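Letter by letter, the chains look like this.
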Amino acid sequence: MIDKIFLDMDGVIVNFRGQCEKYECINGNKVNWEVVHQGGPEFWEEMEWLPEGKELYEWILKLCEQENIDLFILTSVNFTDGKIGKLNWLKNNTKIDKHHIIITNLGKEKEYYADQNSVLIDDFRKNCEAFANGGGQFVKYETPRQTKDDLITLLGKN
Ligand SMILES: [Mg+2]
(Lines give C-alpha, C1' and ligand atoms only; values in the text may rest on other atoms or scores of the structure.)
Protein backbone atom coordinates (compact mmCIF):
# COMPACT_ATOMS: atom_id res chain seq x y z
CA MET A 1 0.00 0.00 0.00
CA ILE A 2 1.58 3.25 -1.14
CA ASP A 3 1.58 5.78 1.70
CA LYS A 4 4.31 8.21 0.61
CA ILE A 5 5.01 10.03 -2.65
CA PHE A 6 8.34 11.83 -3.09
CA LEU A 7 8.22 14.52 -5.77
CA ASP A 8 11.30 15.93 -7.48
CA MET A 9 11.44 19.65 -8.36
CA ASP A 10 13.87 20.43 -11.20
CA GLY A 11 12.60 19.20 -14.55
CA VAL A 12 9.31 17.96 -13.06
CA ILE A 13 7.57 21.00 -11.59
CA VAL A 14 10.13 23.81 -11.94
CA ASN A 15 11.92 25.00 -15.07
CA PHE A 16 15.56 24.59 -14.07
CA ARG A 17 16.71 24.53 -17.70
CA GLY A 18 14.80 27.72 -18.48
CA GLN A 19 16.44 29.48 -15.54
CA CYS A 20 19.89 28.29 -16.70
CA GLU A 21 19.14 29.65 -20.16
CA LYS A 22 18.16 33.00 -18.65
CA TYR A 23 21.51 33.10 -16.83
CA GLU A 24 23.29 31.79 -19.94
CA CYS A 25 24.92 29.02 -17.93
CA ILE A 26 23.91 25.88 -19.82
CA ASN A 27 25.48 24.34 -22.89
CA GLY A 28 23.73 21.16 -24.03
CA ASN A 29 23.25 19.43 -20.68
CA LYS A 30 26.40 20.93 -19.15
CA VAL A 31 25.64 23.47 -16.40
CA ASN A 32 28.18 26.09 -15.37
CA TRP A 33 27.67 25.81 -11.60
CA GLU A 34 29.95 28.77 -10.92
CA VAL A 35 27.36 31.07 -12.55
CA VAL A 36 24.48 29.36 -10.71
CA HIS A 37 26.35 29.88 -7.45
CA GLN A 38 26.94 33.57 -8.22
CA GLY A 39 23.17 33.94 -8.68
CA GLY A 40 22.72 33.16 -4.97
CA PRO A 41 19.39 31.96 -3.53
CA GLU A 42 17.58 34.16 -6.09
CA PHE A 43 18.61 31.83 -8.88
CA TRP A 44 16.37 29.20 -7.28
CA GLU A 45 13.73 31.45 -5.72
CA GLU A 46 12.84 33.09 -9.00
CA MET A 47 12.53 29.92 -10.97
CA GLU A 48 9.36 29.50 -13.02
CA TRP A 49 6.95 26.59 -12.94
CA LEU A 50 7.32 24.31 -15.93
CA PRO A 51 4.37 24.64 -18.32
CA GLU A 52 1.78 22.33 -16.68
CA GLY A 53 4.10 21.96 -13.65
CA LYS A 54 1.74 23.74 -11.30
CA GLU A 55 -1.21 21.79 -12.62
CA LEU A 56 0.73 18.54 -12.13
CA TYR A 57 1.69 19.49 -8.57
CA GLU A 58 -1.91 20.40 -7.72
CA TRP A 59 -3.19 17.18 -9.26
CA ILE A 60 -0.72 15.11 -7.19
CA LEU A 61 -1.57 17.09 -4.05
CA LYS A 62 -5.28 16.39 -4.51
CA LEU A 63 -4.65 12.71 -5.26
CA CYS A 64 -2.59 12.42 -2.06
CA GLU A 65 -5.35 14.05 -0.01
CA GLN A 66 -7.95 11.69 -1.50
CA GLU A 67 -5.86 8.55 -1.09
CA ASN A 68 -4.39 9.43 2.31
CA ILE A 69 -0.84 9.54 0.97
CA ASP A 70 1.88 11.72 2.50
CA LEU A 71 3.39 14.02 -0.13
CA PHE A 72 7.03 15.02 0.23
CA ILE A 73 9.28 17.15 -1.93
CA LEU A 74 12.54 15.27 -2.46
CA THR A 75 15.09 17.37 -4.30
CA SER A 76 18.84 17.72 -4.35
CA VAL A 77 21.30 20.56 -4.56
CA ASN A 78 24.84 20.53 -3.32
CA PHE A 79 25.24 24.00 -1.80
CA THR A 80 23.61 26.18 0.84
CA ASP A 81 22.42 28.98 -1.51
CA GLY A 82 20.50 26.41 -3.49
CA LYS A 83 18.92 24.88 -0.39
CA ILE A 84 17.79 28.31 0.88
CA GLY A 85 16.46 29.26 -2.56
CA LYS A 86 14.55 26.01 -2.95
CA LEU A 87 12.98 26.35 0.51
CA ASN A 88 11.89 29.90 -0.31
CA TRP A 89 10.49 28.84 -3.67
CA LEU A 90 8.43 26.11 -2.01
CA LYS A 91 7.22 28.53 0.66
CA ASN A 92 6.18 31.08 -1.99
CA ASN A 93 4.60 28.68 -4.47
CA THR A 94 3.24 25.60 -2.69
CA LYS A 95 1.37 24.48 0.41
CA ILE A 96 4.01 21.90 1.36
CA ASP A 97 5.03 22.35 4.99
CA LYS A 98 8.69 22.28 5.97
CA HIS A 99 8.41 18.82 7.54
CA HIS A 100 7.60 17.46 4.11
CA ILE A 101 10.59 18.99 2.35
CA ILE A 102 13.77 16.97 1.99
CA ILE A 103 16.81 18.43 0.25
CA THR A 104 19.70 16.02 -0.24
CA ASN A 105 23.17 16.95 -1.49
CA LEU A 106 23.17 14.35 -4.25
CA GLY A 107 20.42 12.73 -6.28
CA LYS A 108 21.72 9.31 -5.35
CA GLU A 109 20.90 10.02 -1.70
CA LYS A 110 17.21 9.96 -2.56
CA GLU A 111 17.40 6.19 -2.17
CA TYR A 112 17.74 6.58 1.62
CA TYR A 113 14.07 7.59 1.71
CA ALA A 114 12.86 4.57 -0.23
CA ASP A 115 10.78 1.75 1.19
CA GLN A 116 8.24 -0.61 -0.30
CA ASN A 117 5.38 1.82 0.39
CA SER A 118 6.96 4.79 -1.32
CA VAL A 119 7.04 6.20 -4.85
CA LEU A 120 9.57 8.65 -6.29
CA ILE A 121 8.53 10.88 -9.20
CA ASP A 122 11.73 12.06 -10.92
CA ASP A 123 12.92 13.04 -14.40
CA PHE A 124 16.41 11.63 -13.89
CA ARG A 125 16.64 7.89 -14.55
CA LYS A 126 19.63 7.37 -12.25
CA ASN A 127 17.68 8.78 -9.31
CA CYS A 128 14.78 6.46 -10.13
CA GLU A 129 17.13 3.48 -10.28
CA ALA A 130 18.78 4.44 -7.00
CA PHE A 131 15.34 4.70 -5.38
CA ALA A 132 14.41 1.27 -6.72
CA ASN A 133 17.70 -0.09 -5.32
CA GLY A 134 16.62 1.26 -1.96
CA GLY A 135 13.43 -0.82 -2.23
CA GLY A 136 11.04 1.89 -3.47
CA GLN A 137 8.94 2.27 -6.57
CA PHE A 138 9.16 5.08 -9.10
CA VAL A 139 7.52 6.96 -11.92
CA LYS A 140 10.08 8.26 -14.39
CA TYR A 141 8.79 11.67 -15.52
CA GLU A 142 8.60 12.23 -19.27
CA THR A 143 5.48 14.40 -19.58
CA PRO A 144 2.80 15.48 -17.09
CA ARG A 145 0.20 13.30 -18.85
CA GLN A 146 2.37 10.16 -18.80
CA THR A 147 3.37 10.82 -15.16
CA LYS A 148 -0.29 10.95 -14.09
CA ASP A 149 -1.15 7.80 -16.08
CA ASP A 150 1.82 5.85 -14.68
CA LEU A 151 1.06 6.96 -11.13
CA ILE A 152 -2.60 5.90 -11.40
CA THR A 153 -1.52 2.52 -12.82
CA LEU A 154 1.03 2.07 -10.06
CA LEU A 155 -1.43 2.95 -7.29
CA GLY A 156 -3.98 0.56 -8.81
CA LYS A 157 -1.50 -2.30 -8.57
CA ASN A 158 -0.71 -1.68 -4.91
MG1 LIG B 1 14.96 16.51 -11.59
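Whatever comes next refers back to the structure up there.
This report concerns the structure included in the present document. It should be emphasised that the depicted structure is a prediction, and the values quoted were computed from it without experimental measurement.

Reading the values: rules and limits
- Residues numbered from 1 in each chain as written.
- Predicted model: local features only at pLDDT ≥ 70, side-chain atom pairs only at ≥ 80, totals over all residues.
- Helix = DSSP H or I, 4+ residues; strand = E, 2+ residues; numbered from the N terminus.
- Rg over C-alpha atoms; globule rule 2.2 N^0.38 Å.
- Buried ≥ 20, exposed ≤ 12 C-beta atoms within 10 Å, placed from the backbone.
- Pairing = 2+ DSSP bridges.
- Axes fitted to C-alpha atoms, helices over the stretch in contact; angles between N-to-C directions.
- Contact = placed C-beta atoms within 7 Å.

### Remarks on the overall build of the chain
A count of helical and extended segments in the chain gives seven helices and seven strands. Here the chain has a C-alpha radius of gyration of 15 Å; the compact-globule value for 158 residues is 15 Å, and the two agree. The principal-axis extent of the C-alpha atoms belonging to the chain is close to 45 × 30 × 30 Å. Taking all 158 residues of the chain together, 30% fall into the buried category.

### Concerning unusual backbone geometry
Of note in the backbone geometry, Glu 52 takes a positive phi value of approximately 75° without being a glycine. Given 14 C-beta atoms within 10 Å, Glu 52 falls into the partly exposed group. Phi is positive for Asn 68, close to 60°, though the residue is something other than glycine. Taking the C-beta count within 10 Å as the criterion, Asn 68 has 9 such neighbours and is therefore assigned exposed.

### Brief notes about the sheet that holds strand S5 (residues 101-104)
One open sheet holds the five strands; their spatial order is S5-S4-S1-S6-S7, and the pairing between them is parallel. Two strands in the sheet have a free side with no partner beyond their single neighbour: S5 and strand S7 (137-140). Taken over all neighbouring pairs, the strand axes of this sheet differ in orientation by 25° on average, direction set aside. Those strands touched by helix H5 (residues 80-93) are strand S4 (70-76) and S5, and its axis lies near 160° from that of S5. Along the sheet face, helix H7 (residues 144-157) touches strand S6 (118-122) and S7 and points at about 160° away from the line of S7.

### A short note on the environment of Gly 82
In this structure, Gly 82 sits in helix H5. A residue is classified by how many C-beta atoms lie within 10 Å of it, and Gly 82, with 22 of them, is buried. Residues Gly 82 and Pro 41 lie 41 residues apart in sequence; the distance between their C-alpha atoms is 5.7 Å. Not counting chain neighbours up to four residues away, the residues in contact with Gly 82 comprise Trp 44 and Val 77.

### Let's talk about the environment of Glu 48
In this structure, Glu 48 sits in the loop between helix H3 (40-45) and helix H4 (53-67). Spatially, the C-alpha atoms of Glu 48 and Cys 20 are 11 Å apart, while their sequence positions differ by 28 residues. Other than its neighbours up to four places away in sequence, Glu 48 contacts Asn 15 and Gly 18.

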